[in-house]
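Residue-level listing of the chains:
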Amino acid sequence: MPFRLLTLLALLLTATPTLAQGVVTDQTLLVGKAANTVERLRREGNLQRDLDAKLLRARAVLIVPDLVKGGFIFGAEWGTGVLLARDGGGRWSGPAFYSVASGSVGLQIGVSDAETIFVVMSEAGLRAVMENRFKAGADAGIAVAHVGAGAEAATTTNAGADIYAFNKAVGAYGGASLEGSAILPRHSWNAAYYGGNPAPEDILIARRLDSPQADRLRDLLVR
C-alpha cells in the first residue's frame, strides 16, 4: 500500500474527537447525517427508482454522508460512514462505524464532495466490505456499479453487480469507487457509541448491540 495512503489512514483512525467535544454526540450526529443522506437520495429524480429497487433487495448498506475527493496529481478519497446489515426477515442491524480511504495517481486538481450510499446486494459483497478486501482492487472479485455523477445507469449497464454506489455530488465529482480502497472499522467510534469493545460482527451479524438512535435511519431504509 502506498506510503501516502497509509499516512491518510493513520490520520483518519487516530483523529478521535476529544471528550470535551462529546465523542458520543459525534457518532450520533453521523448517524443523523446518514439518515439525511438516505432521505435526500431517495428524493433525487434520477436516482429514486433505482435506489428504491436496490434497497428492497439489499443485504447491507454503507452510507458515507461526506465522501471527499481531492488532490493535485496525487489524489485521495476519504470519509467516515455507517454500515448496516439486513437479516432474512428484513430487519436492519444497528450501525457499525467505518472509514473509507483510497489513494490514486493522476491529473486531478481541487476538492469535491459527495453524499454516497453503497448498496450491498450479496453476502459476498458484505464480506468484502467487512474484511477490507477492496484494498486489493480487482482482486476483491466483487462487481461494483456506479449510479449518479459521472456514471452510467446501473439498471442498463451494470445489472447483477454485488454493490451499487449511488451519490449526489457537490463540485466535479467523478463517481465513488471502492477499487483500491481501504475500508476499516472505527473501533473507537463503535466503542463510544455502544460501550465496551464490540467487533463489527457483534453489531452486524450477531446483533448483540443496538441503539434506538438509529431508528429513523432504519425506518428510511425500509420505506
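Here is a short report on the structure shown in this document. (Residues numbered from 1 in each chain as written. Predicted model: local features only at pLDDT ≥ 70, side-chain atom pairs only at ≥ 80, totals over all residues. Heavy atoms only, no water.)

## As for unusual backbone geometry
Here is step 1 of the chain: In this model, N132 sits at a positive phi of 60°, which is unusual for a non-glycine residue.
Here is step 2 of the chain: Relative to the helices and strands, N132 resides in the loop between α4 (123–130) and β5 (144–148).
Here is step 3 of the chain: Given a relative accessible area of 10%, N132 falls into the buried group.
Here is step 4 of the chain: Backbone geometry at R207 places phi at a positive 55°, although glycine is not the residue there.
Here is step 5 of the chain: If you trace the backbone, R207 turns up in the loop between α7 (200–204) and α8 (215–222).
Here is step 6 of the chain: Take R207: its relative accessible area is 27%, and that puts it in the partly exposed class. (Helix = DSSP H or I, 4+ residues; strand = E, 2+ residues; numbered from the N terminus. Buried < 20%, exposed > 50% of the residue type's maximum accessible area, 1.4 Å probe, protein only.)

## Focus: helix α3 (residues 48–57)
Here is step 1 of the chain: Those residues of α3 lying buried are D50, L51, K54 and L55. End-on view of α3: buried residues confined to an arc of 130°, all on one side of the axis. When the buried face of α3 is taken as reference, the exposed residues oriented beyond 90 degrees from it are R49, L56 and R57. (Arc of directions from axis to C-beta.)

## Re the pattern of salt bridges
Here is step 1 of the chain: Counting across every chain of the model gives 13 salt bridges.
Here is step 2 of the chain: Ionic pairing is found between R40 and E115, a salt bridge with its closest N-O pair at 2.7 Å. With R40 in helix α2 (residues 23–41) and E115 in strand β4 (residues 111–120), this residue pair connects regions lying 75 residues apart in the sequence.
Here is step 3 of the chain: Take R40: its relative accessible area is 33%, and that puts it in the partly exposed class. (Salt bridge = Lys/Arg side-chain N within 4 Å of Asp/Glu carboxyl O.)

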